[in-house]
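# A closer look at the structure
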Amino acid sequence: HAPSASPLTAAGPFAISKQESLNTEIVRELGFEHGRVDVSVHPFTTSFSPADVRITSRFRDDEWYQGLAGSVHETGHALYECALGRTGLPIDDALSMGVHESQSLFWERHVGLSKPFWEYAQPKLEKHLGLRADANAVYGATNQVRPSLIRVEADELTYPMHVIMRFEIERSLLEGDMSVDDLPAVWGARMKELLGVEVPDDKRGCLQDVHWSGLAVGYFPTYLLGAMMAAQLAHHIRQDMPDIDTKVAAGDFAPIRRWLGEKVHAHGSVPTSMDDLLERAVGEPLKPQYLIEYLTDKYTRLYQIDRPKA
């Protein structure tokens, strides 16, 4: 049973200015109260100090969700940077980019893709965009699984394939098993094999990311490490905060920020690794099964599929 994607496009086109207003209102209520919110080709966060953190997102007028997803994702990064200590010493830096991605993905997925979030956000969608779909319909539409060409637009179930493919390609390049000239053909073949999609051009293929042109080789696995840590934090926050869904639906995000501040942000770069940080925060190292369980439970429910028996 596939949910309908119509709430993402039915009331369009969506004026970019109205999307910006929607996103800014939500970003401020999530807790990013004072930093700049701008537009760029690729969403990013930049921090000059905890007192001067800035985020961007990107928009298109034929649908509204990708812009909002980018804004919520970057807000997670920004909240981490804003909560770090202000000594200016390395001890108050973010621990790692994997941990950084855990914060952005926690807010984007475990808050921003949850049903309670759409109960909170639906009146704002109607106010800014004229979208009258109910929260359940929006929840289904924003969580629809559909293999895609673009990593940053991928649903959370197929997203790991994008990361795995990039890691495999990077490893082959660094080990000398393939040349840069081979990249477009290898990219197209692996996308077809892993996700069943045809790559029409390099813009939507191997040139879509900013990482390699910025020499950020080896960065992509941080997204999957961050997804695993985010799922683990989401599990444990529910143990400590059983009414988290009620809080999210009411737009009460301050308790979530405080919990993340205590468990993650306050440690800065004192822990020696992600495992060390998680040991301090929740009493155990990184465990992938939390992400596997989260995805299995969510999508068997959403698509009304019988869970596989152990």
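Preceding this paragraph is the structure being described.
Cut-offs applied
Residues numbered from 1 in each chain as written. Predicted model: local features only at pLDDT ≥ 70, side-chain atom pairs only at ≥ 80, totals over all residues. Heavy atoms only, no water. Patch = residues over 30% accessible without salt bridge, like charges linked within 9 Å, V, L, I, M, F, W, Y side chains within 5 Å. Areas by Shrake-Rupley, 256 points an atom, 1.4 Å probe, with all protein chains shown as cover. Salt bridge = Lys/Arg side-chain N within 4 Å of Asp/Glu carboxyl O. Helix = DSSP H or I, 4+ residues; strand = E, 2+ residues; numbered from the N terminus. Phe/Tyr/Trp six-rings, centres within 6.5 Å; stacked < 30°, edge-to-face > 60°. Buried < 20%, exposed > 50% of the residue type's maximum accessible area, 1.4 Å probe, protein only. Lys NZ or Arg CZ within 6 Å of the ring centre and 35° of its normal. Pairing = 2+ DSSP bridges. Axes fitted to C-alpha atoms, helices over the stretch in contact; angles between N-to-C directions.

### As for a nonpolar patch on the surface
On the surface, Leu-89, Ile-91 and Val-270 cluster together into a nonpolar patch covering about 260 Å² of accessible area. Here Val-270 is to be found in the loop between helix H10 (254-263) and helix H11 (274-282).

### Remarks on the packing of aromatic side chains
Under the counting rule described, the total for this entry stands at 13 aromatic pairs. Both rings, one in Trp-107 and one in Phe-253, keep their centres 6.3 Å apart while their planes meet at 65°; by these two values the pair is edge-to-face. Placement of the pair is Trp-107 in helix H3 (residues 97-111) and Phe-253 in the loop between helix H9 (244-249) and H10, with a sequence separation of 146 residues. Owing to a relative accessible area of 1%, Phe-253 belongs among the buried residues under this scheme. Ring centres 5.9 Å apart and planes at 90° place the aromatic pair Trp-212 and Phe-220 in the edge-to-face group. Since its relative accessible area comes to 0%, Phe-220 is described here as buried. Ring-pair connections join several aromatic residues into one group, and the members of that group are Trp-64, Tyr-65, Phe-106, Trp-107, Phe-117, Trp-118, Tyr-120 and Phe-253. Positioned above the aromatic ring of Tyr-159 is the side chain of Arg-109, whose terminal nitrogen or guanidinium carbon lies 5.0 Å from the ring centre. Over the ring of Phe-220 we find Arg-166; its NZ or CZ atom is 5.4 Å from the centre of that ring.

### A short note on the sheet that holds strand E1 (residues 37-39)
Spatially, the three strands line up as an open sheet ordered E1-E3-E2, and their pairing is mixed. Of all strands in the sheet, those bounded by a partner on one side alone are E1 and strand E2 (45-49). When the angles between neighbouring strand axes are averaged without regard to direction, this sheet yields 25°. As defined by bridge partners, E2 adjoins strand E3 (residues 52-57) across four bridges and the pair is classed as antiparallel. Note on E3: the bridge partner recorded for Ser-49 is Asp-52.

### A word on the environment of Leu-89
Here Leu-89 shows up in the loop between helix H2 (65-83) and H3. Look at Leu-89 and you get partly exposed, because its relative accessible area is 49%. Placed 180 residues apart in sequence, Leu-89 and Ser-269 show a C-alpha to C-alpha distance of 9.9 Å.

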